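# Coordinate inspection notes
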Amino acid sequence: MSRVVESIDVDVPVRVVYDLWATFEDFPQFMEGVEEVRQLDDRHAHWRTKIAGLAREFETEIVERVPGERVAWRTTGESVKHTGTVDLEPLDDARTRVRMTMAFQPTGLAEKAADKLGILDRQVRGDLRRFKRFVEDRGAPAGPGPAPGG
């Protein structure tokens with residue numbers, strides 16, 4: 001199994017980061033190659049991805065959920081094998097560190113080559129940068145607006 005660990009600091013309170021991270025249907029907005037995520041029940045989601053031209057569908061199971069702190073999952077079935085954890089650390093009242101850990105079993109020649117070239121590492125880093133923009137844009141508190149007459 002290959003393992004990737006990446007982190008990023010976001011300028012949003014941990015509560016907002018957790019709420020957005022736990023809304024799986026929003027993942028296609030910041031995860032490259034994720035076309036759709038459908039929540040099946042409280043613990044299961046169906047994913048449709050297309051990465052490097054390879055289309056896949058699979059299901060994940062939430063194996064741990066600690067509000068404001070952690071979400072951990074694993075794939076079910078045989079076609080895709082990966083596990084992941086997102087840990088949240090409040091840096092202060094308005095900032096959060098997001099750490100993603102993923103382990104996956106590459107199958108086939110293309111996935112094994114991509115793994116050797118560090119493509120997943122770059123993809124996870126890119127996904128976290130896009131998540132930062134996504135959560136900061138959506139989680140930013142509304143300002144007071146323009147002054148009257150201004």
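What you are looking at is a predicted structure, and each value in this text was computed from that prediction instead of being measured.

## Here we look at the environment of Val-10
- With respect to the element layout, Val-10 can be found in strand 1 (residues 2–10).
- Look at Val-10 and you get buried, because its relative accessible area is 0%.
- For the pair Val-10 and Leu-91, spaced 81 residues apart in sequence, the C-alpha to C-alpha distance is 9.4 Å.
- Among all residues touching Val-10, those that are not within four sequence positions of it are Val-17, Ala-94, Arg-95, Thr-96, Val-98, Lys-132, Val-135 and Glu-136.

## A short note on the pattern of salt bridges
- Taken as a whole and assessed by the stated rule, the structure comprises 15 salt bridges.
- The residue Glu-89 makes a salt bridge to Arg-97 at a minimum N-O spacing of 4.0 Å.
- By relative accessible area, Arg-97 is classed as partly exposed at 31%.
- Beyond isolated ion pairs, a larger network of salt bridges with shared partners links Glu-35, Glu-36, Arg-38 and Arg-48.

## Describing the sheet that holds strand 5 (residues 70–76)
- One open sheet accounts for seven strands, arranged 1-7-6-5-4-3-2; its pairing is antiparallel. A single partner strand is all that each edge strand has here, and the edge strands are strand 1 and strand 2 (34–39). On average, each strand axis in the sheet is inclined to that of its neighbour by 20 degrees, with strand direction left out of account.
- Here strand 5 runs beside strand 6 (residues 82–90); their pairing, made up of five bridges, is antiparallel. Note on strand 6: the bridge partner recorded for Trp-73 is Gly-84.
- Packing of helix 1 (residues 14–21) onto the sheet brings it into contact with strand 1, strand 4 (54–66), strand 5, strand 6 and strand 7 (96–104), and relative to strand 6 it is tilted by some 160 degrees.

## Details of the side chain of Glu-6
- Among the structural elements, Glu-6 can be located in strand 1.
- Taking the relative accessible area as the measure of exposure, Glu-6 reaches 17% and is therefore buried.
- Within the structure, Glu-6 has its side chain in polar contact with the side chain of Arg-125 (distance 3.1 Å).
- The contact partners of Glu-6, leaving out residues within four places of it in the chain, are Val-98, Arg-99, Met-100, Asp-121, Val-124, Arg-125 and Leu-128.

## Considerations on the side chain of Thr-85
- Within the element layout of this structure, Thr-85 appears in strand 6.
- For Thr-85, the residues in contact, after removing those within four places along its chain, are Arg-70, Val-71, Ala-72, Trp-73, Arg-99, Met-100 and Thr-101.

## Overview of the pairing of strand 5
- Taken together, the seven bridges between strand 4 and strand 5 define a ladder with antiparallel strand orientation. What sits directly across from Glu-61, in strand 5, is Arg-74.
- Between the antiparallel neighbours strand 4 and strand 5 lie three residues, among them Gly-68 with a positive phi of about 80 degrees.
- Adjacent in sequence and paired antiparallel, strand 5 and strand 6 are bridged by five residues, among which Gly-77 carries a positive phi angle near 85 degrees.

## Describing the packing of aromatic side chains
- Evaluation of the coordinates by the stated rule reveals nine aromatic pairs.
- Arranged with centres 5.0 Å apart and planes meeting at 45 degrees, the rings of Trp-21 and Phe-27 form a pair that is tilted.
- The structure contains a cluster of three or more aromatic residues connected by ring pairs, namely Trp-21, Phe-24, Phe-27, Phe-30, Trp-47, Phe-58, Phe-131 and Phe-134.

## Here we look at the nonpolar core
- Counting 36 residues, the largest nonpolar core has Trp-21, Phe-27 and Val-98 as the members making the most contacts within it.
- If sequence neighbours within four positions are ignored, Val-98 has contacts with Glu-6, Ser-7, Ile-8, Val-10, Val-17, Val-86, Asp-87, Leu-88, Leu-128 and Phe-131.

The rules we used
Residues numbered from 1 in each chain as written. Predicted model: local features only at pLDDT ≥ 70, side-chain atom pairs only at ≥ 80, totals over all residues. Heavy atoms only, no water. Helix = DSSP H or I, 4+ residues; strand = E, 2+ residues; numbered from the N terminus. Buried < 20%, exposed > 50% of the residue type's maximum accessible area, 1.4 Å probe, protein only. Contact = heavy atoms within 4.5 Å. Salt bridge = Lys/Arg side-chain N within 4 Å of Asp/Glu carboxyl O. Pairing = 2+ DSSP bridges. Axes fitted to C-alpha atoms, helices over the stretch in contact; angles between N-to-C directions. Polar contact = N/O pair within 3.5 Å; in protein donor to acceptor, adjacent residues only side chain to side chain. Phe/Tyr/Trp six-rings, centres within 6.5 Å; stacked < 30°, edge-to-face > 60°. Core = buried A, V, L, I, M, F, W, Y, C linked by side-chain atoms within 4.5 Å.

On their own, these measurements won't tell you what the molecule is for.
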